[in-house]
Amino acid sequence: MTLTSPHLDSSAGWTDARLLYALEEVVEKELNRHLKVVKDWMPHEYVPWSDGRNFPGFFEDGQAWDPSQSKVTDIGKTALVVNLLTEDNLPSYHHEIASLFGRDGAWGTWVHRWTAEEGRHGIVMRDYLLASRAVDPDKLEQFRMSHMSEGFESDNRHSMLHSVAYVAFQELATRISHRNTGHQSGDPVCDRMLARIALDENLHMIFYRNLLKAALEIAPDLAMQAVRDVVVDFRMPGHGIPGFERAAAQMAIGEIYNMRIHHDDVLEPVIRHLKVLEISGLGPDGLRAQEELGLFMNGLDTEAAKFDAKLAARKARMAARAAG
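Rules and cut-offs
- Within each chain, residue numbers correspond to sequence positions counted from 1 in written order.
- Local features in a predicted model are, by the rule used here, given only for residues with pLDDT of at least 70; side-chain atom pairs are given and counted only at 80 or more, and totals for whole chains, interfaces and linings are based on all residues.
- Think of the side-chain values as coming from all heavy atoms in the structure, minus any hydrogens and water.
- In the cavity and pocket records, a cavity denotes points on a 1 Å grid over the protein atoms alone where a 1.4 Å probe fits but cannot get out, a pocket denotes an open set with protein on both sides within 12 Å along at least 5 of 7 lines, and lining residues are residues with an atom within 4 Å of a point.
- Grid points are joined across faces, edges and corners, and a volume is the space filled by probe spheres set on the points.
- Gly is put with the polar residues, along with every residue not named as nonpolar or charged; the nonpolar set is Ala, Val, Leu, Ile, Met, Phe, Trp, Tyr, Cys and Pro, and the charged set is Asp, Glu, Lys and Arg.
- Going along the chain from the N terminus, every DSSP run of H or I of four or more residues is numbered as a helix, and every run of E of two or more is numbered as a strand.
- Multiplying one less than the number of residues by 1.5 Å gives the expected span of a helix.
- Throughout this description, buried means an accessible area under 20% of the type-specific maximum (1.4 Å probe, protein chains only), exposed means over 50%, and partly exposed covers the range between.
- In protein, a polar contact requires one atom able to donate a hydrogen and another able to accept it; more generally it is a pair of N or O atoms within 3.5 Å, and residues adjacent in sequence count only if both atoms are side-chain atoms.
- Charged residues are defined here as Lys and Arg on the positive side and Asp and Glu on the negative side; His and the ends of the chain fall outside this count.
- Should a side-chain nitrogen of Lys or Arg be within 4 Å of a carboxyl oxygen of Asp or Glu, the pair is scored as a salt bridge.

Colleague: Explain empty space enclosed by the protein to me, using residue names and the numbers behind them.
Modeller: A complete count under the given rule lists two cavities of 30 Å³ or more for this structure. Taken as a whole, the largest cavity spans an internal volume of roughly 50 Å³. The class makeup of the residues in the lining of the largest cavity is four nonpolar, three polar and three charged.

Given below as structure tokens:
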């Protein structure tokens, strides 16, 4: 099926303010749909409180953290810290989207609702990590202070269309990262908690994906360029975390989040669902962006295949060592 996207005006006629106004009905519709399907849940119900013990400090019976106390795998620990520190920057994320989308009307209602739902994720993950003694609590707090003290500025803060395009992919990427972390954690309690978080992230992705669909219909050239830019330059919001590059490499090898997962499970599903590469009626700038997006996706698939081969070879070497 080929989509024909009507031009309501030339690209030059669209400003952020006009786009916000044009998309407000869609935001209200998607907000109402979201509120009908979302389910409230209690973070404290997912935390193994009975595993908790006092830490040293003010408590005379406090027991210092030791790696042997953790049920979580090494790769699970790495990913949990990255995922939690990413969630910790929620105040900055709220500031970014509230500044772009506003605090009034349907946009404002969504901004505050999204922030409230996202707040649960940091709460339950930190409580789980501390109660289960999954990671060093002192280092976790030091990382949090360092990360949040640096602040956060979105790569896409210059444009509301770029921001909408980014979160359509980023929410799905976050869902995948949480879900795979749970699978690799070695702890069923952790897996269940992260599965609950992933459900929220999926609903957030659907909201933004549907909003991006509407943007592609009313301002196709600009929206296509935004999708191209976001996909080509995509970075996870936690890229400023101390030691992020090393942790990301470990998560790639551990198959929590890597190039193949990014292509197959994040970028491709959104692009395919929105039929981005099939949209017709584009102007020169939109056509160029569409072509460049297609070329980039093909190139990323090729690079992912190279990564797959290296990962398979690494597994074979490790299996050979274990057998020998």
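So, next bit.
Colleague: So what's going on with helix α6 (residues 160–184)? Residues and values would help.
Modeller: Over its 25 residues, α6 extends 35 Å from the first C-alpha to the last, a length consistent with the 36 Å expected when each residue adds 1.5 Å. Counted residue by residue, α6 has 21 buried out of 25 residues, so it is predominantly covered. For α6, the N-terminal cap is serine 159; the gap from its side-chain oxygen to the backbone nitrogen of leucine 161 is 3.3 Å. Glycine 186 sits one or two positions beyond α6 and adopts a positive phi of about 80°.

Colleague: Account for the layout of surface pockets, with residues named and values stated.
Modeller: Taken as a whole, the largest pocket spans an internal volume of roughly 950 Å³. Taken together, 44 residues form the lining of the largest pocket, with Phe234, Arg235, Met236, Pro237 and Phe244 sitting closest to its centre. By residue number, the principal contributor to the lining of the largest pocket is α6, which donates eight residues. There is about 460 Å³ of room inside the second largest pocket. In terms of lining, the second largest pocket is formed by 18 residues, of which the most central are Lys77, Thr78, Val81, Phe143 and Gln250. For the lining of the second largest pocket, the secondary-structure elements that each account for two or more residues are α2 (74–88), α5 (137–150) and α9 (244–253). Per element, the largest residue contribution to the lining of the second largest pocket is six residues, and it comes from α2. The class makeup of the residues in the lining of the second largest pocket is 10 nonpolar, three polar and five charged.

Colleague: A description of the side chain of arginine 209 should follow, citing residues and the corresponding values.
Modeller: Considering the arrangement of structural elements, one finds arginine 209 in helix α7 (residues 188–218). At 8.0 Å, glutamate 30 is the nearest oppositely charged side chain to arginine 209, a buried residue that forms no salt bridge. Separated by 3.5 Å, the side chains of arginine 209 and histidine 273 make a polar contact.

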